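The lines below spell out each chain.
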Amino acid sequence: MKTNKKTTSNCNPFDFLTEEIIFTILDYLNDDPFSKKSFSLTCKALYSIESHHRKTLKPLRAELLSRTLHRYPHIEHLDLTLCPRIEDIMLNVVSLACKDALCSINLSRSRFFTNIGLSSLVSSCFNLVEIDLSNGVELNDLAAAAIAEAKNLEKLWLSRCKLITDMGIGCVAVGCRKLRLICLKWCLKVSDLGLQLLALKCKEIRSLDLSYLQITEKCLPSILQLQHLEDLVLEGCLGIDDNALSTLQQSCKSLKVGTLT
């Protein structure tokens, strides 16, 4: 009887729970990272379960990226905004570690990577639907061509990518037919031609930010052909006058147009 009591007292109550139930418990701890950390440090079994449960990651240091991704093999959303220096080799590490699990990546505060790293990323992580490359002032049309290989991409931010031209946007338009949102704010080398190509190929666009682009009214007829367009931002577009805005609003009354106030 003593042996039975000892065995019972040593039982871990979590041994009687399925992984799905433990995942549900962890879902309630998403807003409390300290509790989740304490949970994972309880024992090896819970440490392993927590590492498989985590889907979102925001690393503090780029040099620990490889080790961190090894610890969390099922990351879907990777935020690298706290890692200002991300080189091509690090994007290769991400592609090898995450593969088809990765759905979104934020590189809006990162620099030093090129089209080579982006190509490696999108070729392995073919389920990517969101990529934020904002502030990529050194990214050019080769980078845009690499992004064009992300066939399932739905949301793309290219704000302040000042070296990308109509050619790069044309590559994106041809390759990323599922785009629903694209931000081209401050992409000063993109003109009416690039927007016309985008409107011609990407028929699913819902949100389009063209703030501070050097465009005239020539692109508006093409934009009006986007039947699903809901939000259009034209802030700082000096080539679009009040008459053109009036035409836009009359042609599509459900369209929300944002301009300078």
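What counts and what doesn't
- Residues numbered from 1 in each chain as written.
- Predicted model: local features only at pLDDT ≥ 70, side-chain atom pairs only at ≥ 80, totals over all residues.
- Heavy atoms only, no water.
- Phe/Tyr/Trp six-rings, centres within 6.5 Å; stacked < 30°, edge-to-face > 60°.
- Helix = DSSP H or I, 4+ residues; strand = E, 2+ residues; numbered from the N terminus.
- Buried < 20%, exposed > 50% of the residue type's maximum accessible area, 1.4 Å probe, protein only.
- Lys NZ or Arg CZ within 6 Å of the ring centre and 35° of its normal.
- Axes fitted to C-alpha atoms, helices over the stretch in contact; angles between N-to-C directions.
- Parallel < 35°, antiparallel > 145°, perpendicular 65-115°, else oblique.
- Contact = heavy atoms within 4.5 Å.
- Nonpolar A, V, L, I, M, F, W, Y, C, P; charged D, E, K, R; others polar.
- Core = buried A, V, L, I, M, F, W, Y, C linked by side-chain atoms within 4.5 Å.
- Arc of directions from axis to C-beta.
- Salt bridge = Lys/Arg side-chain N within 4 Å of Asp/Glu carboxyl O.
- 1 Å grid on protein atoms, 1.4 Å probe; cavity = no way out; pocket = protein on both sides within 12 Å on 5 of 7 lines; lining within 4 Å.
- Points joined across faces, edges and corners; volume = space filled by probe spheres on them.

The chain appears in an unreviewed UniProt entry as f-box/lrr-repeat protein 3-LIKE isoform X1 from Salix purpurea.

(A) Representation of the packing of aromatic side chains within the structure. Enumeration according to the criterion identifies 1 aromatic pair in this entry. Aromatic side chains tryptophan 186 and tyrosine 212 sit 4.4 Å apart centroid to centroid with 10 degrees between the ring planes, which places their arrangement in the stacked category. Of this pair, tryptophan 186 sits in the loop between strand E6 (181-183) and helix H10 (192-201) while tyrosine 212 is found in the loop between strand E7 (207-209) and helix H11 (220-223), placing the two residues 26 residues apart along the sequence. Residue classification places tyrosine 212 among the partly exposed positions, given a relative accessible area of 22%. The ring centre of tyrosine 72 lies 4.6 Å from the NZ or CZ of arginine 54, which sits over that ring. Here arginine 85 stacks its cationic end above the ring of phenylalanine 112, 4.1 Å away from the centre of that ring.

(B) Structural view of the packing of helix H6 (residues 88-98) against helix H7 (residues 115-124). Relative orientation of the contacting elements H6 and H7 amounts to 5 degrees, with a least axis distance of 8 Å. Looking at the two axes, H6 sits roughly parallel to H7. Counted together, Asp88, Leu91, Asn92, Val94 and Ser95 of H6 and Ile116, Gly117, Leu118, Ser120, Leu121 and Ser124 of H7 form the full contact between these two elements. Of the residues assigned to the contact of H6 with H7, the class counts are 5 nonpolar, 5 polar and 1 charged.

(C) Seen up close, helix H9 (residues 166-175). For H9, the buried fraction is high: 7 of the 10 residues fall into the buried class. Buried within H9 are the following residues: Asp166, Gly168, Ile169, Gly170, Val172, Ala173 and Gly175. Turning to H9, the residues buried within the fold contact helix H8 (141-147), strand E5 (155-157) and H10.

(D) Local environment of the nonpolar core. Within the largest apolar cluster, 68 residues are counted, with the highest numbers of intra-cluster contacts made by Leu102, Ile105, Leu118, Leu184, Leu208 and Leu210. When residues of this core are traced back to their parent elements, those giving at least two are helix H5 (65-71), H6, H7, H8, H9, H10, H11 and helix H12 (242-251). The contact partners of leucine 208, leaving out residues within four places of it in the chain, are Ile182, Leu198, Ile223, Leu226, Leu229, Asp231, Leu232 and Val233.

(E) A look at H6. Every buried residue belonging to H6 is among Met90, Leu91, Val94, Ser95 and Cys98, and all of these are buried. All buried residues of H6 project into a common sector of 145 degrees when viewed along the axis, lining one side. Facing away from the buried side of H6 by more than 90 degrees, the exposed set consists of Ile89 and Leu96. Where H6 is buried, its residues touch H5, strand E2 (77-79), strand E3 (104-106) and H7. Following H6 by one or two positions, lysine 99 has its phi on the positive side, about 50 degrees.

(F) Spatial organisation of the packing of H9 against H10. Relative orientation of the contacting elements H9 and H10 amounts to 0 degrees, with a least axis distance of 8 Å. In terms of orientation, H9 lies roughly parallel with respect to H10. Contacts from Asp166, Ile169, Gly170, Ala173 and Val174 in H9 reach Leu193, Gly194, Leu197, Leu198 and Lys201 in H10. Split by residue class, the contact of H9 with H10 holds 6 nonpolar, 2 polar and 2 charged.

(G) Structural detail: the pattern of salt bridges. Tallied over the entire structure, the rule returns 6 salt bridges. With its nearest N and O atoms 3.9 Å apart, the salt bridge here joins lysine 155 to glutamate 130. With lysine 155 in strand E5 and glutamate 130 in strand E4 (residues 130-132), the pair connects residues that are 25 residues apart, well separated along the chain. In this structure lysine 155 comes out as partly exposed when scored by relative accessible area, which is 32%.

(H) Local environment of empty space enclosed by the protein. Tallied over the entire structure, the rule returns 1 cavity of 30 Å³ or more. By volume, the largest cavity is sized at about 70 Å³. When grouped by side-chain class, the residues that make up the lining of the largest cavity number 4 nonpolar, 3 polar and 2 charged.

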